[in-house]
Amino acid sequence: MEAPAAPHNPVETELTVTSPEQMRELGLKLAKLLRAGDLVMLSGELGAGKTTLTRGLGEGLGVRGAVTSPTFVIARVHPSLGDGPPLVHVDAYRLGGGLDEMEDLDLDVSLSDSVIVVEWGEGKVEELTDDRLQVWIHRAVGDTTDEVRHVTLTGLGERWAAVELGALAA
(Lines give C-alpha, C1' and ligand atoms only; values in the text may rest on other atoms or scores of the structure.)
Protein backbone atom coordinates (compact mmCIF):
# COMPACT_ATOMS: atom_id res chain seq x y z
CA MET A 1 0.00 0.00 0.00
CA GLU A 2 1.40 3.38 -1.04
CA ALA A 3 1.73 6.22 1.41
CA PRO A 4 -0.34 9.30 0.52
CA ALA A 5 1.57 11.98 -1.32
CA ALA A 6 3.09 14.60 0.92
CA PRO A 7 1.73 18.11 0.40
CA HIS A 8 4.00 20.32 -1.65
CA ASN A 9 5.46 23.41 -0.08
CA PRO A 10 4.81 26.58 -2.04
CA VAL A 11 7.49 27.64 -4.51
CA GLU A 12 8.06 31.39 -4.23
CA THR A 13 10.17 34.04 -5.89
CA GLU A 14 10.24 37.83 -5.70
CA LEU A 15 11.11 40.23 -8.50
CA THR A 16 11.35 43.98 -8.93
CA VAL A 17 9.89 45.46 -12.11
CA THR A 18 10.68 49.08 -12.95
CA SER A 19 8.52 49.80 -16.02
CA PRO A 20 5.39 48.67 -17.85
CA GLU A 21 7.65 47.23 -20.57
CA GLN A 22 9.42 45.07 -17.98
CA MET A 23 6.03 43.89 -16.68
CA ARG A 24 5.05 42.87 -20.23
CA GLU A 25 8.41 41.10 -20.61
CA LEU A 26 7.77 39.22 -17.35
CA GLY A 27 4.51 38.03 -18.91
CA LEU A 28 6.41 36.86 -22.01
CA LYS A 29 8.83 34.84 -19.84
CA LEU A 30 6.07 33.45 -17.65
CA ALA A 31 4.11 32.30 -20.71
CA LYS A 32 6.94 29.85 -21.49
CA LEU A 33 6.25 28.10 -18.16
CA LEU A 34 2.48 27.85 -18.62
CA ARG A 35 0.47 24.98 -20.07
CA ALA A 36 -3.17 24.06 -20.57
CA GLY A 37 -5.03 23.72 -17.28
CA ASP A 38 -2.92 26.31 -15.44
CA LEU A 39 -4.62 28.85 -13.23
CA VAL A 40 -2.85 32.16 -12.63
CA MET A 41 -4.36 34.45 -10.02
CA LEU A 42 -3.29 38.11 -10.22
CA SER A 43 -3.60 40.42 -7.23
CA GLY A 44 -2.66 44.04 -6.78
CA GLU A 45 -4.02 47.53 -6.47
CA LEU A 46 -5.69 49.32 -9.36
CA GLY A 47 -2.98 50.30 -11.82
CA ALA A 48 -0.47 47.80 -10.43
CA GLY A 49 0.10 46.15 -13.83
CA LYS A 50 -2.12 43.06 -13.82
CA THR A 51 -3.44 43.64 -17.33
CA THR A 52 0.02 44.62 -18.62
CA LEU A 53 1.38 41.31 -17.30
CA THR A 54 -1.53 39.47 -18.94
CA ARG A 55 -0.83 41.28 -22.22
CA GLY A 56 2.68 39.79 -22.13
CA LEU A 57 1.24 36.36 -21.32
CA GLY A 58 -1.07 36.57 -24.32
CA GLU A 59 1.77 37.63 -26.57
CA GLY A 60 3.97 34.83 -25.24
CA LEU A 61 1.22 32.24 -25.65
CA GLY A 62 0.55 33.44 -29.21
CA VAL A 63 -3.16 34.13 -28.83
CA ARG A 64 -5.53 36.10 -31.03
CA GLY A 65 -6.86 39.50 -30.07
CA ALA A 66 -5.59 42.41 -28.05
CA VAL A 67 -5.44 41.63 -24.35
CA THR A 68 -7.28 44.41 -22.56
CA SER A 69 -8.92 44.63 -19.16
CA PRO A 70 -12.08 42.50 -19.16
CA THR A 71 -13.66 44.64 -16.43
CA PHE A 72 -16.92 45.25 -18.25
CA VAL A 73 -17.26 41.88 -19.97
CA ILE A 74 -15.89 39.97 -16.93
CA ALA A 75 -14.21 37.30 -19.11
CA ARG A 76 -12.59 37.27 -22.51
CA VAL A 77 -11.35 34.21 -24.43
CA HIS A 78 -8.31 34.62 -26.67
CA PRO A 79 -7.97 31.57 -28.97
CA SER A 80 -4.48 30.35 -29.83
CA LEU A 81 -3.08 31.29 -33.22
CA GLY A 82 -0.93 28.15 -33.13
CA ASP A 83 -1.02 24.85 -31.32
CA GLY A 84 -0.91 26.29 -27.80
CA PRO A 85 -3.76 26.68 -25.34
CA PRO A 86 -6.24 29.56 -25.48
CA LEU A 87 -6.00 32.28 -22.84
CA VAL A 88 -9.07 32.97 -20.71
CA HIS A 89 -8.72 36.38 -19.03
CA VAL A 90 -11.18 36.95 -16.20
CA ASP A 91 -11.79 40.01 -14.06
CA ALA A 92 -13.49 38.63 -10.94
CA TYR A 93 -13.81 42.03 -9.22
CA ARG A 94 -17.59 42.16 -9.69
CA LEU A 95 -18.20 38.44 -9.15
CA GLY A 96 -19.75 37.62 -5.80
CA GLY A 97 -17.69 34.51 -5.45
CA GLY A 98 -17.40 30.84 -6.09
CA LEU A 99 -17.25 28.56 -9.05
CA ASP A 100 -20.97 28.84 -9.79
CA GLU A 101 -20.49 32.35 -11.15
CA MET A 102 -17.42 31.26 -13.13
CA GLU A 103 -19.51 28.49 -14.70
CA ASP A 104 -22.32 30.99 -15.37
CA LEU A 105 -19.93 32.91 -17.61
CA ASP A 106 -20.60 30.15 -20.17
CA LEU A 107 -17.08 30.26 -21.54
CA ASP A 108 -16.92 28.44 -24.86
CA VAL A 109 -13.71 26.64 -23.94
CA SER A 110 -12.83 23.83 -21.60
CA LEU A 111 -11.04 25.30 -18.60
CA SER A 112 -8.73 22.27 -18.48
CA ASP A 113 -7.60 22.99 -22.05
CA SER A 114 -6.88 26.69 -21.42
CA VAL A 115 -4.59 28.93 -19.44
CA ILE A 116 -6.85 30.82 -17.05
CA VAL A 117 -5.74 34.22 -15.75
CA VAL A 118 -7.99 35.71 -13.07
CA GLU A 119 -7.62 39.24 -11.75
CA TRP A 120 -9.16 39.86 -8.31
CA GLY A 121 -9.82 36.14 -7.82
CA GLU A 122 -8.95 35.66 -4.16
CA GLY A 123 -11.65 33.77 -2.32
CA LYS A 124 -13.51 33.17 -5.57
CA VAL A 125 -11.73 30.71 -7.86
CA GLU A 126 -9.29 28.70 -5.74
CA GLU A 127 -11.68 25.73 -5.98
CA LEU A 128 -10.87 25.39 -9.68
CA THR A 129 -7.63 23.55 -8.81
CA ASP A 130 -5.20 22.87 -6.00
CA ASP A 131 -2.40 23.77 -8.41
CA ARG A 132 -2.18 27.48 -9.13
CA LEU A 133 0.22 30.35 -9.50
CA GLN A 134 -0.53 33.33 -7.27
CA VAL A 135 1.02 36.60 -8.48
CA TRP A 136 0.97 39.58 -6.12
CA ILE A 137 1.95 42.94 -7.62
CA HIS A 138 2.76 45.58 -5.03
CA ARG A 139 3.24 49.23 -5.91
CA ALA A 140 3.60 52.48 -4.01
CA VAL A 141 0.18 53.94 -3.31
CA GLY A 142 -0.84 57.56 -3.10
CA ASP A 143 0.18 60.48 -5.28
CA THR A 144 3.17 58.96 -7.02
CA THR A 145 4.45 58.40 -10.53
CA ASP A 146 6.71 55.60 -9.29
CA GLU A 147 6.74 52.74 -11.83
CA VAL A 148 8.51 50.29 -9.49
CA ARG A 149 6.54 47.13 -8.76
CA HIS A 150 7.46 44.33 -6.38
CA VAL A 151 6.14 41.06 -7.77
CA THR A 152 5.78 37.92 -5.65
CA LEU A 153 5.05 34.69 -7.50
CA THR A 154 3.92 31.71 -5.43
CA GLY A 155 3.42 28.33 -7.05
CA LEU A 156 0.99 26.14 -5.13
CA GLY A 157 0.49 22.40 -5.57
CA GLU A 158 2.27 19.57 -7.30
CA ARG A 159 2.19 21.29 -10.71
CA TRP A 160 4.48 24.07 -9.48
CA ALA A 161 6.71 22.01 -7.15
CA ALA A 162 9.45 21.51 -9.75
CA VAL A 163 9.06 24.79 -11.66
CA GLU A 164 12.02 27.13 -11.24
CA LEU A 165 10.24 30.47 -10.85
CA GLY A 166 13.56 32.15 -10.02
CA ALA A 167 14.49 31.80 -13.71
CA LEU A 168 12.00 34.59 -14.41
CA ALA A 169 14.42 37.05 -12.80
CA ALA A 170 17.05 36.40 -15.48
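In short, a report on the structure. (Residues numbered from 1 in each chain as written. Predicted model: local features only at pLDDT ≥ 70, side-chain atom pairs only at ≥ 80, totals over all residues. Heavy atoms only, no water.)

## Considering the overall build of the chain
Item 1. Within the chain, the secondary structure is distributed over four helices and seven strands.
Item 2. Ordered by position in the sequence, the α and β elements of the chain form the string β-α-β-α-β-β-α-β-β-β-α.
Item 3. When contacts within the chain are restricted to residue pairs at least 6 apart in sequence, long-range pairs at least 24 apart make up 67% of them. (Helix = DSSP H or I, 4+ residues; strand = E, 2+ residues; numbered from the N terminus. Contact = heavy atoms within 4.5 Å.)

## Description of the pattern of salt bridges
Item 1. Scanning the entire structure with this criterion turns up three salt bridges.
Item 2. The partner of glutamate 21 in a salt bridge is arginine 24, and the shortest N-O contact between them spans 2.6 Å. Of this pair, glutamate 21 and arginine 24 both sit in helix α1 (residues 20-31), three residues apart, which is roughly one turn of the helix.
Item 3. According to the relative accessible area criterion, arginine 24 is buried, its value standing at 19%.
Item 4. Between arginine 159 and aspartate 38 there is a salt bridge; the shortest N-O distance is 2.8 Å. (Salt bridge = Lys/Arg side-chain N within 4 Å of Asp/Glu carboxyl O. Buried < 20%, exposed > 50% of the residue type's maximum accessible area, 1.4 Å probe, protein only.)

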